[in-house]
Structures are given as structure tokens and as C-alpha cells.
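Coordinates in review
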Amino acid sequence: MKKMICFVLPLLALTLYGEETIHLWSGRIVTFPGNGSWQICAAHGRILASGKGDVRIELPPLEPGSTLDAELIRNGKKQKLRFHSQKVLQGHVATMDNSLPDSVPLYKLGCGILAEPSSGRPDKPTFTGNFPETLSCFRTFCFPDKRDFPLAIGKKWDSVSAFRAKNPGTLSVLYDKREQILDMTGNFTYILLKTGEKQLFIFSPDFNLDNVDNVLLLKQLLDNHTSRKLEDKK
């Protein structure tokens, strides 16, 4: 099989008062350092909070899967904000095994969990903490522990791609004619392995799902899975 390694350039760093939207949790205290008067206004114009100096706001928890757009206004500058429900993965369903670490709280994030093995539901994404020798599902999400590295991934893959998202990780790929190995000497967020139509996502051990941007990345990957399955049914 033809093997290749693809490297994706990092996303631009997000700075306060930039063009990009800052994503935040609802139901949690949010703070920004700064000086001067400020206010946070919802998209429909209602003032959600205001004050001087450091920004501090805690919105009530939003309904599962919902968002609220707002703007932080200070010194004539505006920054787009988007508050998210803590159940960001509402509407998604997956299988998982006993090796999945507690740091991947799918249920708390709103993801439905099927009480059956992944082999019985290959149409659904599956989550695991162990590197799988074989793939039974179209899309597998793997969250290995630091002690699992360096991780030999074999040579059966059609492609090996390394991705660095907004929050860099520690993954890297070593590739030669004898072996393909993942280690923790780089700054990639996750590695995507493909064989045929099946995909395996391996995440950096420091991929923290308490961080809203990381959860949104996971949601995007799950959304892509759902979109792909809908297209296949047409």
C-alpha cells in the first residue's frame, strides 16, 4: 500500500478583540483581564453583564446543544463571543469500551452511549483508550495514555495525517521503511489513520475536554461522520 504523511498548518492564534469568535462555556464563571468600563451584549441587544476592570460573567446553563452569541465591548472595541451549553455533543450517539479514560466524559458532554459492543454497531462512531489492532467501525476515536507512547502503529495504513488545531498537542510521527511510530515529541493535536473507508483518530494525551475549543473540535469530527453517513444513504 502507498503510505504518506500529511502535515496541516496551525490555525492562527486567537487574540482578544480579533475577528474570530471566542468560544466560552455557559454555566461557568468566565473572566478576562483588562482595564476600563465594559459590557457584554447579546446579539439581540440585551446587556448580559457590565462593569469596570476585569471582565467577569457567569451565564445560566444553556439548553443542551444550544448557543448564545454576544459581544464584549470595551474602549470602543468589540469582540465576538459565543457561549455554549455544557452538553455540546447533544444529538450524537456512540459506543465505547471500558478502556476509555474518565477524562473523556462523553455522557456529561451530552453524547448518547449505546450499551452494546462497537462490533455490533459499525455505523456508529466508537471511543476507546487502547490502540485497536482492527477497526470494526467507520470512525474510531482513540485516547491513549502517556505511558502508551512511543506507540507503534504498524504499516497497514493507506495514509497517516498529522493535524495541529487551535490548541496544539504533543504528538509527532516517526516514519521509515521499517516502522511507523507515534511519539510525544511534537505539537500535533491528533493523528488520523486511514485504511479503506475506515478512519482512526488518535488524540494527544493532553487533549483536555474541559476546554471548550477541544470539545468543539471533537464535535466537528463527529458532525462530519454524521454528514458522511447521510450522504451514503442518498
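Just above, that's the structure.
Quick look at the structure, then.

Criteria and cut-off values
- Residues numbered from 1 in each chain as written.
- Predicted model: local features only at pLDDT ≥ 70, side-chain atom pairs only at ≥ 80, totals over all residues.
- Heavy atoms only, no water.
- Helix = DSSP H or I, 4+ residues; strand = E, 2+ residues; numbered from the N terminus.
- Buried < 20%, exposed > 50% of the residue type's maximum accessible area, 1.4 Å probe, protein only.
- Contact = heavy atoms within 4.5 Å.
- Areas by Shrake-Rupley, 256 points an atom, 1.4 Å probe, with all protein chains shown as cover.
- Pairing = 2+ DSSP bridges.
- Patch = residues over 30% accessible without salt bridge, like charges linked within 9 Å, V, L, I, M, F, W, Y side chains within 5 Å.
- Salt bridge = Lys/Arg side-chain N within 4 Å of Asp/Glu carboxyl O.
- Phe/Tyr/Trp six-rings, centres within 6.5 Å; stacked < 30°, edge-to-face > 60°.
- Lys NZ or Arg CZ within 6 Å of the ring centre and 35° of its normal.
- Core = buried A, V, L, I, M, F, W, Y, C linked by side-chain atoms within 4.5 Å.

Remarks on the overall build of the protein chain
- Summing up its helical and strand segments, the protein chain has one helix and 18 strands in all.
- For the protein chain, buried positions account for 41% of its 234 residues.
- Taking the intrachain contacts of the protein chain between residues at least 6 apart in sequence as the baseline, contacts between residues at least 24 apart amount to 56%.
- Accessible surface computed for the protein chain: about 12,800 Å², of which carbon and sulfur atoms make up 51%.

A word on the sheet that holds strand E15 (residues 171-175)
- The three strands lie next to each other as E13-E16-E15, forming an open sheet whose pairing is antiparallel. Single-partner strands in this sheet number two, and they are strand E13 (151-152) and E15.
- Strand direction decides the pairing type here: E13 and strand E16 (residues 180-188), joined by two bridges, are antiparallel. What sits directly across from leucine 151, in E16, is leucine 182.

A few points about the environment of glutamate 197
- Tracing the chain through its elements places glutamate 197 in the loop between strand E17 (190-195) and strand E18 (198-203).
- For glutamate 197, a relative accessible area of 52% puts it in the exposed group.
- Glutamate 197 sits 60 residues away from cysteine 137 along the chain, and the two C-alpha atoms are 9.7 Å apart.

Notes on a nonpolar patch on the surface
- On the surface, a cluster of nonpolar side chains totalling about 320 Å² of accessible area is made up of Met96, Tyr107 and Ile113.
- Here isoleucine 113 shows up in strand E10 (residues 112-113).

Remarks on the packing of aromatic side chains
- Scanning the model with the defined rule gives 11 aromatic pairs in all.
- Relative to phenylalanine 143, the ring of phenylalanine 127 has its centre 6.1 Å away and its plane inclined at 10 degrees; by these criteria the two rings are stacked. Taken as a pair, phenylalanine 127 in strand E11 (residues 126-128) and phenylalanine 143 in the loop between strand E12 (139-142) and E13 lie far apart in primary sequence, 16 residues in all.
- For phenylalanine 127, a relative accessible area of 0% translates into the label buried.
- Taking the relative accessible area as the measure of exposure, phenylalanine 143 reaches 7% and is therefore buried.
- Their ring planes at 10 degrees and their centres at 4.9 Å tell us that phenylalanine 163 and tyrosine 190 sit as a pair that is stacked. Of the two residues, phenylalanine 163 sits in strand E14 (residues 159-163) while tyrosine 190 sits in strand E17, which places them 27 residues apart along the sequence.
- What makes phenylalanine 163 partly exposed here is its relative accessible area of 21%.
- Lying across the ring of tyrosine 107, lysine 87 places its NZ or CZ 5.6 Å from the centre.

Side note on the nonpolar core
- Counting 26 residues, the largest nonpolar core has Leu89, Phe127, Phe141, Phe143, Phe203 and Leu218 as its most contacted members.
- When contributions to this core are tallied by element, the ones reaching two or more residues are E17, E18 and helix H1 (212-233).
- With seven residues, H1 is the single largest residue contributor to this core.
- When near neighbours in sequence (up to four residues on either side) are disregarded, phenylalanine 143 contacts Leu100, Pro101, Val104, Phe127, Thr128, Gly129, Phe203 and Phe207.
- With 17 residues, the next largest nonpolar core counts Val160, Leu171, Ile191 and Leu193 among its residues.

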